[in-house]
Amino acid sequence: LLEAALIACAEHGLNPSTFAARVTASTMTDVHAAVTAAVATMQGPLHGGASQAAMELLLKAGAEAALDQTLAGMFARKEKVPGFGHRVYQGKDPRAAVCEALAEPAAKRAGETKLISLARRLEEVMRRDKHLHANLELWVSLVFHLLRMPTDLFSSEIGRASCRERVCYVV
């Protein structure tokens, strides 16, 4: 399950963290600097940090009524909803569909189908009200959660450590 989810995460042309690593490496610095740049980029809320934020949104809501209320407040404050929209994909991110297909049977085995229902409700509201589709981050967050990965470790949100500490952790 983890391997398939990570492949879905990697299956994207030139994402921001890959771009950051390639640009940094092109300066002929060492590999640690390139990895540090990539990991630091993944922390951003519009890249890897979005999976953590998406899961926190689902866990905080806990129920469809609370989710609807939370979204109404976010819409009123003109906040971005994590796990939705993509600069490349105009429809649903195909990687999100892969992770959704991974998450559903895993949730049934774990007896955690409530989160699947919440994620689907979230998708429904976002399509209807904002004309936005799910991206990878929404569904991969569910896969990571079902694997019992601590939410603050999704992508590279390794606590609030410095970049150097993150690289030590990753390497």
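The text that follows walks through the structure, step by step, so that each part is easy to find. (Residues numbered from 1 in each chain as written. Predicted model: local features only at pLDDT ≥ 70, side-chain atom pairs only at ≥ 80, totals over all residues. Heavy atoms only, no water.)

### What about helix 8 (residues 136-146)?
- For helix 8, a buried count of 11 out of 11 residues is recorded, marking the element as mostly surrounded by other parts of the structure.
- Looking at the buried residues of helix 8, the elements they touch are helix 1 (2-10), helix 4 (49-61), helix 6 (94-110) and helix 7 (113-130).
- The opening residue of helix 8 is Asn135, an N-cap whose side-chain oxygen sits 2.9 Å from the backbone nitrogen of Glu137.
- Following helix 8 by one or two positions, Arg148 has its phi on the positive side, about 65 degrees. (Buried < 20%, exposed > 50% of the residue type's maximum accessible area, 1.4 Å probe, protein only. Helix = DSSP H or I, 4+ residues; strand = E, 2+ residues; numbered from the N terminus. Contact = heavy atoms within 4.5 Å. Polar contact = N/O pair within 3.5 Å; in protein donor to acceptor, adjacent residues only side chain to side chain.)

### Regarding the side chain of Arg121
- Residue position: Arg121 is located in helix 7.
- Residue Arg121 is classed as buried on the basis of its relative accessible area of 15%.

### With respect to the environment of Leu58
- With respect to the element layout, Leu58 can be found in helix 4.
- In this structure Leu58 comes out as buried when scored by relative accessible area, which is 0%.
- For the pair Leu58 and Ser141, spaced 83 residues apart in sequence, the C-alpha to C-alpha distance is 9.8 Å.
- Leave out the neighbours within four places in its chain, and Leu58 touches Leu115, Leu118, Ala119, Leu122, Leu138 and Leu142.

### Concerning helix 5 (residues 64-76)
- Taking 1.5 Å as the rise per residue, helix 5 with 13 residues should run 18 Å; its terminal C-alpha atoms sit 18 Å apart, in good agreement.
- Burial in helix 5 covers these residues: Leu67, Thr70, Leu71, Gly73, Met74 and Phe75.
- A positive backbone phi angle near 60 degrees is found at Lys78, which sits one or two residues after helix 5. (Expected span 1.5 Å × (residues − 1).)

### Quick notes on the nonpolar core
- With 36 residues, the main nonpolar core has Leu58, Val81, Cys99, Leu122, Leu138, Trp139 and Leu142 as its most contacted residues.
- Secondary-structure elements contributing two or more residues to this core are helix 1, helix 4, helix 5, helix 6, helix 7 and helix 8.
- Not counting residues within four places of it along the chain, the set of residues in contact with Leu138 comprises Ala54, Leu58, Gly83, Phe84, Ala119, Leu122 and Glu123. (Core = buried A, V, L, I, M, F, W, Y, C linked by side-chain atoms within 4.5 Å.)

### Focus: the pattern of salt bridges
- Under the counting rule described, the total for this entry stands at 11 salt bridges.
- The salt bridge involving Glu79 is made with Arg77; its shortest N-O contact spans 2.6 Å.
- Exposure remark for Arg77: the relative accessible area of 52% places this residue in the exposed category.
- Asp93 is the partner of Arg95 in a salt bridge, and the nearest nitrogen-oxygen pair spans 2.6 Å.
- Take Asp93: its relative accessible area is 0%, and that puts it in the buried class. (Salt bridge = Lys/Arg side-chain N within 4 Å of Asp/Glu carboxyl O.)

Structural measurements only, silent on function.
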